[in-house]
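# Residue-level structural notes
Residue strings, one per chain:
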Amino acid sequence: MSREVKGMTGDEAVAWAAKLVNPDVVAAYPITPQTIIVERYSDFVNNGEVDTSFIPVESEHSAMSACVGASLTGARVFTASASAGLALMYEILYVASGMRCPIVLAIANRAFSAPINIHGECTDQVVCRDTSWVSLFGESAQEAYDETILSFKIAEHPDVMLPAMFGIEGFIVTHALERVETLSKQQVEDFLPEYRSTKYRFNPDEKMTFGSLVLQDYYMEIKRQQEEAMQRAYTVTKDVMAEFSEMSGRKMEIIEEYQLEDADYAFVSYGATAGNAKAVVDRLRNKGEKVGALKIRLYRPFPSLDVQEALSGVKAASILDRSATFGSPGTIMQTDIATALYGKENVPTLHGYINGLGGRVLTLPEIEDIYEKTKDYHDVGMTMTTDWIGYRT
Amino acid sequence: MTIQLPKVSVKDLQEWSKLGEVLTSGHRLCAGCGAGIMARQVTLAAKALGDPFMLVNATGCLEVATTIYPYTAWDAPWLHNAFENAPATASGAIEAMKAMQRKGLMREREVHMIVFGGDGSSFDIGLQSLSGAVERGHDFLYICYDNGAYMNTGIQRSGGTPQGAATTTSPPGSVIPGKIRWQKPLAAILAAHDIPTFTASPAYPRDLMAKVQAGLKHDGSAFLLVDSPCNLGQRYSPDQSIEVAKLAVKTCFFPLYSTYKDEWILSGVSLRLAKNPEKKLPVEDFLKVQGRFRHLFKPEWKKKLVEIQEAVDERWERLLKKTEF
Ligand SMILES: Cc1ncc(C[n+]2csc(CCOP(=O)(O)OP(=O)(O)O)c2C)c(N)n1
Ligand code: SF4
Ligand SMILES: [Mg+2]
């Protein structure tokens, strides 16, 4: 297989991958650190390199609203946002999933205001966990590239027909220049055929009503159908990732296990933090520690079974969570994992660490400290702890 | 710049009435509701053009009362997204169809897009979406049916509520007699986007339908503000909707005009009133038939009535100047 390699930032990787997909509509609004995605895509449009209708809307609320209108015609639709922009879309995220629009949304994960801050943090995306969107995280520009393409295939799968979002951390991934193996136009076209269904869609020939008022007598059935689609999205995502791995020659799975087979201790993370966690695993392994790392790539539907199997036999897990929650029983990822493992055998104790807010760097020595802290907690019999790491008191 | 209004004759109406209803019977708008009358006139005018058309509807009475699942009153492609985003939603659908046509994934042809929004949706929460979509120039006709309040949520004041009107959030109190401020000049705001802009009333269907057809035929965005009588919220009996709508025009409270790039043209009754000013009725004739203005007729608020008449006169005079009467 020919593998072309290019240097790209995470944002550029998303834009270049989206170019290969050539969606019918891109409706987007700029926000740091996502801007490069819309800027590059505007170049492609204005230079005639894609035949997408680009809608430079006046807000993110309108971006998502236009995406819904476009998707309901049967079109292939893409957008990108972050932080405040994603929050402004929030109302319509529910409309998009409730009306079963397979829109793909790239997120340059960024901290929320206040105080205003433009840097990397995943809170914006994790708080969308209940919106009925398939949700993925990427660690690198390569994963940003790959997830752009495969998200369409997951979302548009007839068993799913739900929107999909994937996030890469602001600046840490969006603006870092990395090595990216690219795909050819042909490969993407074969993987994602240019078929659009206009049947039962909003088009001039179908005298159909979309977006009815649905009251107590039917609402719950419609919501239940979304849940069933979400459950099917789990298998579909696995299949799509397997097919993608085959096509690209790059292994892509819903979770990634690193040195976990014989591990007594594990780091659990998602997004860019996973790279540092693996680096610390290497350091600690050199010192003879039996430690591994688990990366969660698919966040919704949550891969409970896979996480459970991956952590089975591990004594204690350190969950590195670059997202904020207040007054919660644990970090956001930690509470999900705790729920997935509750009542199961051979499960680790769970130690959550909220870190890296507003783009603060979580250093490798800090991760080593976390490792020691987790061991201490475990040794004194604490099964569930949550700490904030890396702030001045 | 002049926009040509097609001539709609009574004979045309007779012919078009055979085309079949688009907003069919069985919907749950209040008996007498002006929004239903308006929507039937609009869709019939669209149907008479012969090309396929699609509808996007913002949240509000017209949407809620016509699509209670699993039923629908619409015999046309119809889409509702949310309250404040109908223009953005329509932009997405229009541009998606264009892209699919370019790629050969959809048959190429003329399709008309009509967007409905209430006054709450258009004057207030969705104004940004509307202004943005119009600035981008998508080819649709936006129709604001203005019933002067958030009717669907129980008659709260909006930027389109007239001065003095009682609503549940501008009640006729002992200190403040209803809505304080005058309506936002929405038609003028849209006209300032340099798009064909019209006002119309369901009491004058031929004028309304001509404007719908002109707006749809225009290549790009167009805007139509329709006075939409609402017996429940404006408080009069259901058989009086058309009477109330006529009085709005005859008192110059709601003048009928078209405007495009600084050319302003009066039509119908408003044109006749411009030529025969003595025929203009006092605004009290319009106010006194509606319960929402009843409190203004108490002796202590007499000065309010004078103020409203002055405001109506002033607005009418300014419009006449623009139309060179
Ligand atoms: C974001 C949002 N805010 C508030 C509402 C509640 N709401 C639904 S319809 C409506 C009023 C609609 O008023 P208008 O646009 O004038 O239409 P009408 O009901 O009068 O026909 C309101 C406030 C909503 N659906 N969405
Ligand atoms: S409340 Fe008014 S606008 Fe709403 S359905 Fe009734 S009459 Fe029509
Ligand atoms: Mg209203």
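Residues numbered from 1 in each chain as written. Chains lettered and ligands numbered in written order. Predicted model: local features only at pLDDT ≥ 70, side-chain atom pairs only at ≥ 80, totals over all residues. Heavy atoms only, no water.

## Quick notes on the packing of helix α6 (residues 141-156) of chain A against helix α8 (residues 219-248) of chain A
Residues and elements named next belong to chain A. The N-to-C vectors of α6 and α8 enclose an angle of 130 degrees; their axes lie 10 Å apart at closest approach. Taken as axis vectors, α6 and α8 run oblique relative to one another. As α6 packs across α8, the resulting crossing turns out to be right-handed. Together, Asp146, Ile149, Leu150, Lys153 and Ile154 of α6 and Val236, Thr237, Val240, Met241, Glu243 and Phe244 of α8 make up the contact between the two elements. Among the residues forming the contact of α6 with α8, the class breakdown is seven nonpolar, one polar and three charged. (Axes fitted to C-alpha atoms, helices over the stretch in contact; angles between N-to-C directions. Helix = DSSP H or I, 4+ residues; strand = E, 2+ residues; numbered from the N terminus. Parallel < 35°, antiparallel > 145°, perpendicular 65-115°, else oblique. Left-handed = near helix turned anticlockwise from the far one by under 90°. Contact = heavy atoms within 4.5 Å. Nonpolar A, V, L, I, M, F, W, Y, C, P; charged D, E, K, R; others polar.)

## A word on the sheet that holds strand β3 (residues 53-55) of chain A
Residue and element names in this part refer to chain A. The mixed open sheet is built from seven strands, whose spatial order is β3-β2-β4-β5-β7-β6-β13. Looking at which strands have only one partner, the edges of the open sheet turn out to be β3 and β13 (298-300). On average, adjacent strands in this sheet sit at an angle of 20 degrees to one another, irrespective of strand direction. The pairing of strand β6 (residues 134-137) with strand β7 (residues 164-169) spans four bridges and is classified as parallel. Its bridge partner lying in β7, Leu136 is registered against Phe166. Contacting β2 (25-27), β3, β4 (77-81) and β5 (104-109), helix α3 (residues 60-72) runs over the sheet at an angle of about 165 degrees to β4. (Pairing = 2+ DSSP bridges.)

## As for the domain arrangement of chain A
Residue and element names in this part refer to chain A. Segmentation of chain A into domains returns domain 1 (5-248) and domain 2 (255-388). Using C-alpha coordinates to define each centre, domain 1 is positioned 28 Å away from domain 2. Every contact between the two is made by 27 residues of domain 1 and, on the other side, 26 residues of domain 2. Taken together, both faces of the contact between domain 1 and domain 2 bury some 2,100 Å²; the carbon and sulfur share is 59%. Considering only the side of domain 1, the residues that lose the most area to domain 2 are Arg129, Glu139 and Tyr234, jointly responsible for 28% of the buried surface there. Between the two partners, domain 1 and domain 2, sit seven salt bridges. One salt bridge connects Arg297 with Glu147, and the closest N-O pair in it is separated by 3.6 Å. (Domains from an automatic or database assignment. Buried area = accessible area lost by both parts, 1.4 Å probe. Salt bridge = Lys/Arg side-chain N within 4 Å of Asp/Glu carboxyl O.)

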